[in-house]
Amino acid sequence: SPHLPISPISRWGGQYLTRYLRWEGGEGHDPEAPCLLLVHGFAASAEQWQRLVHQLRAQAGGEPLPPVYALDLLGFGMSEKPGLSYTQYVWEAQVVDFAREVMGGRPLVLCGNSIGGGLSAGASATLGDQVKGLILCNTAGVLEEPAEYAAPRMLVRDATLRGEHAAPFAPVPLFGQPALDAFGAALVAALFPRVPALLDGIYGDRPANADEALAFAIAQGASSPGAANVIGSGQKLATNRPLNEVLDGEAGGFGGPVLVPQGMNDKVSGPARASERADAFERLRPGVKVCRLEAGGHCPQDDAPEAVAAAILEFLPAVREYAQGDTSRGRAAESTVGA
């Protein structure tokens, strides 16, 4: 059935086993339409998107939607948890490679929650024309006040490639990785019994959605071998490229349409911070649309899936218009080259 996902396994980089969910496109869907790629947050998994996909199908009515993918980031969910030094850039590279290799370079809309939003934004800048739209659900990532943001002399990406970036990142200079592993193990041991209660707090507006299946999915990932290292990595994550940079088309970032479904009752960052970031996104640049969800929390795609699905379906015409413009620009460029 196209309403039920399949759960394939892929091997990232020829080494690491990663799991993802795939919902088939509706019968008669446009094969050229952008697919949707969903990226979860820290310590979550692909299961956290199932309610949103159900609502998208239900609210689309008779309009057939293209395929939808949701991946388990390396170290989370049912993906492998190798002994790596985990950073946002590892996960961002996984998203980029998944879009190019597993999805075959097909046009897509990236959608991420929390740290998955920051990863999606960074990946959109790297993937270039493959990305036709971006959806950021209570995203993580540095967002400087747009009126005060000054583009650096050299972009973070370019400076890094030239070896001219800031001082080497040394997050655990005293005791090193063993201390980080021990910290991660202690954190897992302390939080593991409290997963249901923690979810009830995060899903304050819709506690029924913090059900046993969600708690089991999170607890299963946290109890897997190697999970302590992954959870401990949350204390040493390097600074991302600012969202101001990666969403600036003139600076080599993603310049297409962006939707920001912002849960205003965010119990992780706090409602005041959620409101401040919604305001900043509205001032960021043209083409960024903020949808304030008063009854949504930190994971609005799962605790307010009806509202997020409605916002996405309203957003898709802008994606199609941008995709058609990309095609027209590409044909014009080809005509110029061939002249």
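No experiment lies behind these values; they were computed from the predicted model shown.

Student: Any details on unusual backbone geometry? Residues and values, ideally.
Tutor: The backbone of Ala43 shows a phi angle near 70°, a positive value even though the residue is not glycine. Notably, Asn138 is not glycine yet its phi reads approximately 40°, a positive angle. Topologically, Asn138 is positioned in the loop between strand 6 (131-137) and helix 4 (156-161).

Student: Please give an account of the packing of helix 2 (residues 88-102) against helix 3 (residues 115-127) that cites residues and values.
Tutor: Here helix 2 crosses helix 3 at 55°, and the two axes come no closer than 9 Å. Taken together, the axes of helix 2 and helix 3 lie oblique to each other. Crossing of helix 2 over helix 3 shows right-handed handedness. Residues Gln88, Trp91, Glu92, Val95, Val96, Ala99 and Arg100 of helix 2 form the contact with helix 3, whose own contacting residues are Ile115, Leu119, Gly122, Ala123, Thr126 and Leu127. Classifying every residue of the contact of helix 2 with helix 3 by side-chain character gives eight nonpolar, three polar and two charged.

Student: Can you explain helix 1 (residues 50-59)? Please cite residues and give values.
Tutor: Of the residues making up helix 1, those classed as buried are Leu52, Val53, Gln55, Leu56 and Arg57. Directly after helix 1, the chain includes Gly61, whose backbone phi takes a positive value near 65°.

Student: Lay out the side chain of Ser120 in plain terms, naming residues and giving numbers.
Tutor: Along the chain, Ser120 turns up in helix 3. In this structure Ser120 touches Val39, Leu110, Cys111, Gly112 and Leu134, once residues within four positions along its chain are discounted.

Student: An account of the pairing of strand 2 (residues 16-23) is needed here, citing residue identities and associated values.
Tutor: Burial of strand 2 is extensive: seven of the eight residues sit out of reach of the surface. Across four bridges, strand 1 (residues 9-12) lies against strand 2 in antiparallel orientation. The residue bridging Trp12 from the neighbouring strand is Tyr16, located in strand 2. With four bridges joining them, strand 2 and strand 4 (residues 68-71) adopt antiparallel strand pairing. Bridged to Trp23 within strand 4 is Val68.

Student: Would you mind going over the pairing of strand 5 (residues 108-113) in detail, with residue names and values included?
Tutor: Taking burial as the measure, the six residues of strand 5 include six buried ones, the bulk of the element. Residues Leu108, Leu110 and Gly112 of strand 5 are buried on one face, and the alternating residues Val109, Cys111 and Asn113, pointing to the opposite face, are buried as well. Note that strand 3 (residues 35-39) and strand 5 share five bridges and pair parallel. Its bridge partner being in strand 5, Val39 is matched across the sheet by Gly112. In the sheet, strand 5 pairs with strand 6 via six bridges, with the strands oriented parallel. For Leu110, the partnering residue across the bridge sits in strand 6 and is Leu134. A crossover links strand 5 with its parallel partner strand 6, the connecting element being helix 3, and its sense is right-handed.

Student: Summarise the pattern of salt bridges; cite the residues concerned and give the values.
Tutor: The tally for this structure, following the rule as stated, stands at 13 salt bridges. Note that Arg51 is salt-bridged to Asp302, the shortest N-O span being 3.0 Å. Of this pair, Arg51 sits in helix 1 while Asp302 sits in helix 11 (residues 300-303), and the two are 251 residues apart along the sequence. We classify Arg51 as partly exposed; its relative accessible area is 25%. For Asp302, a relative accessible area of 1% gives the class buried. Glu306 is the partner of Arg206 in a salt bridge, and the nearest nitrogen-oxygen pair spans 3.1 Å. Here Glu306 lies in helix 12 (residues 305-338) and Arg206 lies in the loop between helix 6 (195-202) and helix 7 (212-222), a separation of 100 residues in the sequence.

Student: Kindly report on helix 2, identifying the contributing residues and their values.
Tutor: Its 15 residues place the ends of helix 2 20 Å apart at the C-alpha level, agreeing with the 21 Å of an ideal helix rising 1.5 Å per residue. Looking only at helix 2, the buried set comprises Gln88, Val90, Trp91, Glu92, Gln94, Val95, Val96, Phe98 and Ala99.

Student: Give me the sheet that holds strand 3: which residues, what numbers.
Tutor: Within a beta sheet, neighbouring strands are joined by backbone hydrogen bonds and run either parallel or antiparallel to one another. Spatially, 1-2-4-3-5-6-7-8 is the arrangement adopted by the eight strands of the open sheet, whose pairing is mixed. One side of each edge strand has no neighbouring strand; the edge strands of this open sheet are strand 1 and strand 8 (288-293). Direction aside, neighbouring strands of the sheet carry axes that sit 25° apart on average. Relative to strand 4, strand 3 is paired through four bridges, and the arrangement is parallel. Bridging across to strand 4, Leu37 finds its partner in Tyr69. Running over the sheet, helix 1 touches strand 2, strand 3 and strand 4 and is turned about 30° from strand 2.

Thresholds applied
Residues numbered from 1 in each chain as written. Predicted model: local features only at pLDDT ≥ 70, side-chain atom pairs only at ≥ 80, totals over all residues. Heavy atoms only, no water. Helix = DSSP H or I, 4+ residues; strand = E, 2+ residues; numbered from the N terminus. Axes fitted to C-alpha atoms, helices over the stretch in contact; angles between N-to-C directions. Parallel < 35°, antiparallel > 145°, perpendicular 65-115°, else oblique. Left-handed = near helix turned anticlockwise from the far one by under 90°. Contact = heavy atoms within 4.5 Å. Nonpolar A, V, L, I, M, F, W, Y, C, P; charged D, E, K, R; others polar. Buried < 20%, exposed > 50% of the residue type's maximum accessible area, 1.4 Å probe, protein only. Pairing = 2+ DSSP bridges. Right-handed = clockwise from strand over helix to strand, strands pointing away. Salt bridge = Lys/Arg side-chain N within 4 Å of Asp/Glu carboxyl O. Expected span 1.5 Å × (residues − 1).

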